[in-house]
Amino acid sequence: MDKAPSSSSADRFTFSLGIDVGKASLELALREGEKTVAKTTVSNDSDGHETLLDWLQDRGANSEKTCVCMEASGDFEKAIAQRLYEKDYRVSVVNPRRIKGYASSQLQRTKTDSADASLIARFGRREDPRVWEPPSASESRLQELTRARQALKKEQTRTQNRLDEAEDEAVRRAHSGLLEEIERQIEELEEEIEEHIEEDPKLEERCSLLDTIPGVGLQTAAIVVSELGSPERFESARQAAAYAGLVPSHHQSGTSVRGNPQMSKIGNGRLRRAMYFPAMAALRFNSAVKAFGDRLKERGKEKMVVIGAAMRKLLHICYGVLKSGRPFDASLHPGT
């Protein structure tokens, strides 16, 4: 049974717009009260975004009357969220897991893009999710820098693998030269990241707090700050972990849960991947994470399950440090 709409969104807004975001297109569903009154599809580019705005205006759904909700979708939602924000619409960008959970609670079984958009619109009106705000110019630049570094680190691994597999000397020289160039570019980017953080007091404060956590260095801190954003975006550490796709996902058949739980991997993959090596270090040198890992090992958990849980634990700690504004204190993070 549907629960009553929350007072804020349900009372304030006449319309709710749900957007199912894809790489190339946006599926739109406009609801007036409890009824879907219009649906359409536009391209996910600047022309499509202007078409969307005109479509809303033609239906009287201006920024004073309309709340907008969309799922986080691998950054494909950023441009339209920014455009609607610029037009003073109340925009919410939510984790897909919340929409999925809401669909289950509403017993919705129809799975089409238009049905998704209508469900997202209803979710936005009834659940009143947190308002989205764009990152500052400084935060955006840090994200661009850290993402470039991550891309180069990935290419570094690929090139090293090719070098290890090559037998011909000429091929080895080519890969070796490329590897040296990639390493040089990574060093330059890391220096640029450090300088950029030092120039912004807010970024420097956040990264310095994270740097107090054993296992988390400055480059990892920069990724966490740029990808996680303000901790105020999340109501709990679990929500932050869900955003990174670090919550366990069980394989269930009937009433039985089969196999080990695995990470959901629905979320911010850059943030999730950034936790892997720091979690490995934290399992050795961070007393809170080490105690947590030891307990899992005692219970017979496999190595990768322990690492995944340590990644989640470490992100919980990062969230707690940022939320509290206080340096890491192992006593505040028991190994449970």
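Residues numbered from 1 in each chain as written. Predicted model: local features only at pLDDT ≥ 70, side-chain atom pairs only at ≥ 80, totals over all residues. Heavy atoms only, no water.

Asks: Please set out the nonpolar core residue by residue, giving values where relevant.
Replies: Judged by nonpolar contacts, the single largest core of 49 residues is most densely connected at L210, I213, V224 and L228. Mapped by element, the contributors of at least two residues to this core are α6 (137–165), α7 (169–199), α8 (201–210), α9 (218–228), α10 (237–243), α12 (276–285), α13 (287–298) and α14 (303–324). The element best represented in this core is α14, accounting for 12 residues. Setting aside its immediate chain neighbours within four residues, L228 contacts I223, R233, F234, A240, Y243, L271 and L322. (Core = buried A, V, L, I, M, F, W, Y, C linked by side-chain atoms within 4.5 Å. Buried < 20%, exposed > 50% of the residue type's maximum accessible area, 1.4 Å probe, protein only. Helix = DSSP H or I, 4+ residues; strand = E, 2+ residues; numbered from the N terminus. Contact = heavy atoms within 4.5 Å.)

Asks: Account for the side chain of R312, with residues named and values stated.
Replies: As for its placement among the helices and strands, R312 is situated in helix α14. We note that R312 is buried and unpaired, the nearest opposite charge coming from E302 at a distance of 14 Å. Excluding anything up to four places from it in sequence, R312 contacts A241, L246, V247 and P248. (Lys, Arg positive; Asp, Glu negative; His and termini not counted. Salt bridge = Lys/Arg side-chain N within 4 Å of Asp/Glu carboxyl O.)

Asks: Explain the pattern of salt bridges to me, and be specific about the residues and the numbers.
Replies: Throughout the structure, instances matching the rule amount to 17 salt bridges. For R184, the salt bridge identified is with E181, shortest N-O distance 2.4 Å. With R184 and E181 both in helix α7 and three residues apart, the pair spans about one turn of that helix. Here R184 falls in the partly exposed class, since its relative accessible area comes to 37%. Taking relative accessible area as the criterion, E181 reaches 30% and is therefore assigned partly exposed. Linked through salt bridges whose partners overlap, the residues forming this network are D75, R147, E227 and R270.

Asks: Outline the confidence of the model for the protein chain, supporting the account with residue identities and numerical values.
Replies: Looking at the protein chain as a whole, its pLDDT mean stands at 89, while 88% of the residues score no less than 70. When the elements of the protein chain are averaged for pLDDT, strand β6 (residues 248–253) gives the smallest value, 50, and α7 the largest, 98. Counted against residues more than four places away or in other chains, residues 1–7, with its pLDDT under 50, gives 16 contacts. (pLDDT = per-residue confidence, 0-100.)

Asks: Residue-level account of the sheet that holds strand β4 (residues 66–71), with values.
Replies: Read across the sheet, five strands follow the order β3-β2-β1-β4-β5 without closing on themselves; strand pairing throughout is mixed. What marks the edges here is a single partner per strand, and that holds for β3 (35–43) and β5 (90–94). Within this sheet the neighbouring strands show an average axis-to-axis angle of 20°, counted without direction. Summarising the sheet, strand β1 (residues 15–21) and β4 pair through five bridges and their orientation is parallel. Looking at the pairing, L17 lines up with V68 of β4. With respect to the sheet, helix α2 (residues 46–58) is in contact with β1, β2 (25–32) and β3, its orientation differing from that of β3 by roughly 155°. (Pairing = 2+ DSSP bridges. Axes fitted to C-alpha atoms, helices over the stretch in contact; angles between N-to-C directions.)

Asks: Can you lay out the packing of aromatic side chains for me, pointing to particular residues and giving the numbers?
Replies: Within the structure shown, the criterion is met by four aromatic pairs. Measuring from centroid to centroid gives 5.9 Å for Y85 and W132, while their planes differ by 90°, and the two rings are edge-to-face. In this pair, Y85 is assigned in helix α3 (residues 78–86) and W132 in the loop between α5 (113–127) and α6, connecting sequence segments 47 residues apart. Classification of Y85 by relative accessible area gives partly exposed; the value is 34%. By relative accessible area, W132 is classed as buried at 16%. With centroids separated by 5.1 Å and ring planes inclined at 85°, the aromatic side chains of Y276 and F277 adopt a geometry described as edge-to-face. For F277, a relative accessible area of 63% translates into the label exposed. (Phe/Tyr/Trp six-rings, centres within 6.5 Å; stacked < 30°, edge-to-face > 60°.)

Asks: An account of the pairing of β2 is needed here, citing residue identities and associated values.
Replies: Judged by how many residues are buried, β2 sits mostly within the fold: six of eight residues are covered. Note: β1 against β2, seven bridges, orientation antiparallel. Within the sheet, the bridge partner assigned to L17 lies in β2 and is L30. In this structure, the hairpin formed by β1 and β2 is closed by a connection of three residues. Where β2 and β3 come together, eight bridges link them in antiparallel fashion. Bridge pairing in β3 places A29 opposite K39.

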